[in-house]
Amino acid sequence: MIGPEASAAVTLLIADDDEVTRSGLRMLLAAQPGIAVVGEAADGVEAVERARLLRPDVVLMDVRMPRRNGIEATRQLLAEAEASGPPKVVVITTFENDGYVTAALGAGASGFVLKRHPVRQIAEAVRVAAAGEAILFPAALRRMVAARPLDSAEALPKAALTGREEEVLRSMATGLSNPEIAESLTVSLETVKTHVGNVLTKLGAQNRTHAVVIAYESGLVVPGFTS
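Heads up: these notes are all about the structure in this document. Model, not experiment: these values are computed from the prediction.

Topic: the sheet that holds strand β1 (residues 10-15)
So, step 1. Spatial ordering of the open sheet is given by β2-β1-β3-β4-β5, a layout of five strands whose pairing is parallel. Each end of this open sheet is capped by a strand with a single partner; those strands are β2 (35-41) and β5 (111-114). Adjacent strand axes in the sheet meet at a mean angle of 25° when their direction is disregarded.
So, step 2. Sheet topology note: the β1/strand β3 (residues 58-62) ladder contains four bridges and is parallel. In the strand pairing of β3, Ile-14 is matched with Leu-60.

Shown next, in the form of structure tokens:
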């Protein structure tokens, strides 16, 4: 009989132009429980092609790759939604202040991890993304967004958000989960989920992470903010 972990394994495609990095990630992540590495890609074009063929749950996407970078590959993958939906994308990079990461999050990536992170943390990010959650590292995200030119900021239609929706967005920006937001605001989990859904819709955000990027870029949330 197949155990629950085996039947629920997250299928993963690794896209990185450095063969040593790619092979190392494959070996290490394949040894983690609940993850099945189904393929590799050496650039953005191959990442899209392999994702179409293999239909992984998650693509671990480097951003600086030849032929097509991770941003464009992410945008294309998420635009080509099949009946079962596109894969989740987790960006993997070397530097926290990599401007490409913010662009990739804006293109719909579920979050990012650093190559120097322990393999267990990278594996957990893959599992979290597969489950439909966002991977946020607020301090690093604040640094990346604050480094971008102000004229590149996306406009936040503040008038369209209710006061409570702004509170929820600020809480999201600090990395709080829905249950933690519910506890801090003393409301039900279902109420928080409704507010989060409204925030994403009103901001035109692809996911939770993209909404947080918009919040920082618009000035609703500023570096150093704490709830």
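Next comes the rest of the description.
Topic: the nonpolar core
Generally speaking, a soluble globular protein has its nonpolar side chains buried in company with each other.
So, step 1. In terms of nonpolar packing, the biggest core is built from 23 residues, with Ala-15, Val-59, Met-61, Leu-77, Val-89 and Val-91 touching the most fellow members.
So, step 2. Breaking this core down by element, the ones donating at least two residues are β1, α3 (44-54), β3, α4 (70-79), β4 (88-93), α5 (99-106) and β5.
So, step 3. With four residues, α4 is the single largest residue contributor to this core.
So, step 4. Grouped together as the second largest cluster of nonpolar side chains are 19 residues, Ile-181, Leu-185, Ile-214 and Tyr-216 included.

A look at the packing of helix α8 (residues 163-173) against helix α10 (residues 189-203)
So, step 1. One can describe the packing of α8 onto α10 by two numbers: an axis separation of 9 Å at closest approach and a directional angle of 90°. As judged from the angle between their axes, α8 and α10 are roughly perpendicular. Two secondary-structure elements touch here, α8 through Arg-164, Glu-165, Val-168, Leu-169 and Met-172 and α10 through His-195, Val-196, Asn-198, Val-199, Lys-202 and Leu-203.

The rules behind each value
Residues numbered from 1 in each chain as written. Predicted model: local features only at pLDDT ≥ 70, side-chain atom pairs only at ≥ 80, totals over all residues. Heavy atoms only, no water. Pairing = 2+ DSSP bridges. Helix = DSSP H or I, 4+ residues; strand = E, 2+ residues; numbered from the N terminus. Axes fitted to C-alpha atoms, helices over the stretch in contact; angles between N-to-C directions. Core = buried A, V, L, I, M, F, W, Y, C linked by side-chain atoms within 4.5 Å. Buried < 20%, exposed > 50% of the residue type's maximum accessible area, 1.4 Å probe, protein only. Parallel < 35°, antiparallel > 145°, perpendicular 65-115°, else oblique. Contact = heavy atoms within 4.5 Å.

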